[in-house]
Amino acid sequence: MKRIFAQLVVVTSLAFSFTLTSIVPAQAITVNFSWQGNQGYSATGTFHYDEKKAADIISEKGGGETKGLDKFTVSFYDPSNQNIIDYDNISNGVLMGDYFQFNLNTINQKNFGSIDIGGESSGDMYLKGTVDTRLSLIQVSASGAEEIVDSNFGAIVVQSPVN
């Protein structure tokens, strides 16, 4: 009886250790991006996603729980490179605003389609437009009027991901 019990303990221990070594930890990917307007305004940001869970295409739009991104931050700068304002658009997999929009091909790390990142209330700034067409930095006045502060031909630079 003792021998069977000892064998059972050994087999169970081995099976458990094989299970633990076969579990692949999540691969959190951190990606930095930047945008440069024609008048000298700029934006930099970072987003995070889990490489093991993310689809080949991540498309986020609107508020609530995200489909792929875990975190997304963006900062805007004036032409003298002074920080104007920072935003945490996504925190812990939840979109903080209603107008956020972001599309990423995780295979080639390229943005595509529509983008709407940053703020959305009076006094806020946001970057909006279509990649490879036109992206504009927009300031929302206290009255709610929107003014284009700077723009470019749709270029946004996504850097290589960091694990």
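Rules behind the numbers
- Residues numbered from 1 in each chain as written.
- Predicted model: local features only at pLDDT ≥ 70, side-chain atom pairs only at ≥ 80, totals over all residues.
- Heavy atoms only, no water.
- Helix = DSSP H or I, 4+ residues; strand = E, 2+ residues; numbered from the N terminus.
- Buried < 20%, exposed > 50% of the residue type's maximum accessible area, 1.4 Å probe, protein only.
- Contact = heavy atoms within 4.5 Å.
- Areas by Shrake-Rupley, 256 points an atom, 1.4 Å probe, with all protein chains shown as cover.
- Pairing = 2+ DSSP bridges.
- Lys, Arg positive; Asp, Glu negative; His and termini not counted.
- Salt bridge = Lys/Arg side-chain N within 4 Å of Asp/Glu carboxyl O.
- Polar contact = N/O pair within 3.5 Å; in protein donor to acceptor, adjacent residues only side chain to side chain.
- Phe/Tyr/Trp six-rings, centres within 6.5 Å; stacked < 30°, edge-to-face > 60°.
- Core = buried A, V, L, I, M, F, W, Y, C linked by side-chain atoms within 4.5 Å.

Participant: Hey, could you go over the overall build of the protein chain for me, with residue numbers and the actual values?
Facilitator: Of the regular secondary structure elements, the protein chain holds 1 helix and 14 strands. Out of the 163 residues belonging to the protein chain, those deemed buried represent 37%. Sequence separation of at least 24 residues holds for 45% of the intrachain contacts in the protein chain that already meet a minimum separation of 6. For the protein chain, the accessible area works out to roughly 9600 Å², and carbon and sulfur atoms hold 54% of it.

Participant: Provide a residue-level description of the pairing of strand S5 (residues 69-77), including the pertinent values.
Facilitator: Successive residues of a regular strand alternate their side chains across the two faces of the sheet. With 7 of its 9 residues buried, S5 lies for the most part within the structure. Across 8 bridges, strand S2 (residues 42-50) lies against S5 in antiparallel orientation. If you follow Thr-46 over to S5, its bridge partner there is Thr-73. With 6 bridges joining them, S5 and strand S6 (residues 83-91) adopt antiparallel strand pairing. If you follow Tyr-77 over to S6, its bridge partner there is Asn-83. Taking the residues between adjacent antiparallel strands as the criterion, S5 and S6 are bridged by 5 residues, where Asn-81 takes a positive phi near 65 degrees.

Participant: So what about the side chain of Asp-124? Which residues, and what values?
Facilitator: The topology assignment puts Asp-124 in the loop between strand S10 (114-118) and strand S11 (125-130). As a buried residue without a salt bridge, Asp-124 has its nearest oppositely charged side chain in Lys-128, at a separation of 13 Å. A polar atom in the side chain of Asp-124 sits 3.4 Å from the side chain of Tyr-87.

Participant: Give me the lowdown on the packing of aromatic side chains, citing residues and values where you can.
Facilitator: Two numbers describe a pair of aromatic rings. These are the distance of the centres and the angle of the planes. In the structure shown here, the tally under the stated rule is 10 aromatic pairs. Here the aromatic rings of Phe-100 and Phe-102 are separated by 6.3 Å at their centres, their planes lie at 35 degrees, and the arrangement is tilted.

Participant: Help me get a handle on the sheet that holds S2, residues and values and all.
Facilitator: In space, the 7 strands of this open sheet follow the order S4-S7-S6-S5-S2-S1-S14, with antiparallel pairing throughout. Since the sheet does not close on itself, it has two edges, and those belong to strand S4 (64-65) and strand S14 (157-158), each with one partner. Bridge count for S6 against strand S7 (residues 94-95) is 2 bridges, and the pairing is antiparallel. Bridge assignment links Ile-90 to a residue of S7, and that residue is Leu-95.

Participant: Give a detailed account of the nonpolar core, specifying residues and quantitative values.
Facilitator: In terms of nonpolar packing, the biggest core is built from 27 residues, with Phe-47, Phe-72 and Ile-117 touching the most fellow members. Taken together, the elements giving at least two residues each to this core come down to strand S1 (28-36), S2, S5, S6, strand S8 (101-105), S10, S11 and strand S12 (134-140). In contact with Phe-72, other than residues within four places in its own chain, are Phe-33, Thr-46, Phe-47, Tyr-87, Asp-88, Asn-89, Ile-90, Phe-100, Phe-102 and Ile-117.

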